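Chain by chain, the residues:
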Amino acid sequence: MRLLTVVFCAVALSLGVSVMSSAAKAEALNQGPKVCSECHKDEFKIWEGTQHSKSFKEIHKSPKAKDIIAAVGGEKNMKKNEVCTQCHYTMVGADKKAEAGPSCESCHGASSEWFKIHNDYGGPTVKREDEAADHKEARIANAAKAGMLWPSDRYGIAENCTECHGLANPKVPADALSKMLDAGHPAIAEWELVQYSQGSVRHRFYPPNMTTNAEMTPPELARMFVTGQAAKLVSAATAIGKVDNPKYKEFQQKRIDLAKAALAKVPEAKALIDAPTVDNARKLVAAIAEKDLSGAVGGDLPAKGTYK
Ligand code: HEC
Ligand code: HEC
Ligand code: HEC
Ligand code: HEC
């Protein structure tokens, strides 16, 4: 989500003065998961089986939700409350209507600005298989510029999960996050990327076996684990300075301690541990891109049976 803001600002700057009148047009909007399902049937089916999807029909009815809303204030309907909607729903279109729980665009970026680019293989008659290599490269880069979060951006993907799951969404005032926590909103300091991404959420239908939802190899799992810890450390270190609420600080401190302990086994992570910035985290992820760290951190990986 932070990435999207940066992209939007860059576009706004390059357009200069005229942007003031067309700002609303340039804002990336969600289209909802059905639009993606037309081409991504396997991914859609998997998503439908996740808590992200099921939550839509259930969570607003929970008595706990009412208590949390009372503490935070604002709209009493959870699907309209501006604090809850940032993490719990896919708000579709310009009128921002809650149409699903967290879905495709919550993790891959609101699509209104990148959708056309994503679907253009080089002209109306060109099939994807026949797309020119340089066109494909440009299409991927341009979609990213327009706000698409590509799976190949491992750090971006991890950072995005931790914003919602670490109670550190920059779009929600830290004061509101503290009130939620005081009112009993769940906060899982142990949240870990491999455990949460390789169970119900996993969709990895990559070539050459596009019909197989591939499991990660041990080196891939180890890199995912380290990437998740890096994102967790940066998110917690950023969030902790935002409020004085003791419970919120304690939660973020616990996340910091857990992430640092995990990263201590990775020599490449030293600079990040000393200075937890996005820049250092991205450098770490780039430095380990080809490495097999399963020897260093393999023992800390969650057992497959515990995947969520
Ligand atoms: C018209 C068909 C079509 C639609 C609609 C579509 N996609 Fe895709 N998408 C593709 C194809 C084909 C690929 C395969 C890689 C490529 O050539 O871009 C792809 C690739 C992707 C990838 C990256 C895969 C990789 O290899 O890294 C993501 C993520 C993705 N789509 C997300 C979405 C989301 C989210 C939506 C809905 C907002 C969507 N797509 C809608 C056709 C589509
Ligand atoms: C920063 C993101 C974020 C915001 C903002 C947020 N939630 Fe949550 N909420 C989550 C996540 C993530 C979970 C799942 C637990 C976890 O992984 O930490 C959750 C879980 C819950 C649960 C527990 C579900 C269960 O069955 O245990 C309730 C109830 C809930 N949220 C209500 C709310 C309400 C009401 C609001 C608005 C006042 C709100 N949340 C705002 C991220 C958020
Ligand atoms: C909880 C976050 C999340 C949600 C929700 C989500 N994705 Fe993904 N998606 C990911 C991650 C993470 C990867 C990278 C997987 C990998 O490479 O290990 C990915 C990879 C992909 C890919 C490339 C791999 C493949 O399966 O072809 C496509 C295409 C894709 N997502 C489309 C979608 C669509 C369509 C939806 C909605 C129906 C969706 N995603 C929902 C996180 C998410
Ligand atoms: C837009 C906010 C958001 C993003 C981004 C997000 N999640 Fe979630 N996630 C939630 C909320 C909210 C819940 C709780 C839903 C409920 O319990 O009703 C949840 C629940 C889950 C669950 C179910 C947990 C359980 O105990 O049943 C898993 C697994 C999960 N998320 C994994 C991920 C992963 C992995 C990513 C990143 C690839 C991710 N999520 C990104 C908001 C988000």
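The structure reproduced in this document is the subject of the present report. (Residues numbered from 1 in each chain as written. Chains lettered and ligands numbered in written order. Predicted model: local features only at pLDDT ≥ 70, side-chain atom pairs only at ≥ 80, totals over all residues. Heavy atoms only, no water.)

## Re the coordination of the iron atom of ligand 2
- Of the protein atoms, only His-88 (NE2) and His-185 (NE2) coordinate the iron atom of ligand 2, at distances of 1.9 to 2.0 Å.
- Coordination at the iron atom of ligand 2 is octahedral, judged from the 6 donor atoms that bind it and the angles of 87 to 179° they form at the metal. Residue His-88 is found in helix α7 (residues 84–88), and its partner His-185 is found in the loop between α12 (174–182) and α13 (193–197); the two are separated by 97 residues along the sequence. (Donors = N, O, S within 2.8 Å, 3.2 Å for Na, K, Ca; no water. Tetrahedral: all angles 85-135°; square planar, octahedral: opposite > 155°, others 65-115°. Helix = DSSP H or I, 4+ residues; strand = E, 2+ residues; numbered from the N terminus.)

## Observations concerning the site of ligand 3
- Taken together, 19 residues lie around ligand 3, and Cys-104, Cys-107, His-108, His-203 and Tyr-206 are the ones closest in.
- In this structure, a nitrogen atom belonging to ligand 3 sits 2.7 Å away from a side-chain N or O atom of His-203.
- In the environment of ligand 3, an oxygen atom lies 2.7 Å from a nitrogen or oxygen atom belonging to the side chain of Arg-204.
- Looking at the shell around ligand 3, the elements with two or more residues in it are α4 (41–48), α8 (104–108) and α11 (154–165). (Near = heavy atom within 4 Å. Polar contact = N/O pair within 3.5 Å; in protein donor to acceptor, adjacent residues only side chain to side chain.)

## Observations concerning the environment of Ser-55
- As for its position among the elements, Ser-55 is in helix α5 (residues 51–58).
- With a relative accessible area of 8%, Ser-55 lands in the buried category.
- Linking Ser-55 and Asp-257, residues 202 residues apart in sequence, is a C-alpha distance of 30 Å. (Buried < 20%, exposed > 50% of the residue type's maximum accessible area, 1.4 Å probe, protein only.)

## A word on empty space enclosed by the protein
- Under the defined criterion, the tally for this structure stands at 1 cavity of 30 Å³ or more.
- Every residue along the wall of the largest cavity is listed here: Thr-162, Trp-191, Glu-192, Leu-193, Phe-225, Gly-228, Gln-229 and Lys-232.
- Residue contributions to the lining of the largest cavity peak at 4 residues, all from helix α14 (residues 218–239).
- Split by residue class, the lining of the largest cavity holds 3 nonpolar, 3 polar and 2 charged. (1 Å grid on protein atoms, 1.4 Å probe; cavity = no way out; pocket = protein on both sides within 12 Å on 5 of 7 lines; lining within 4 Å. Points joined across faces, edges and corners; volume = space filled by probe spheres on them. Nonpolar A, V, L, I, M, F, W, Y, C, P; charged D, E, K, R; others polar.)

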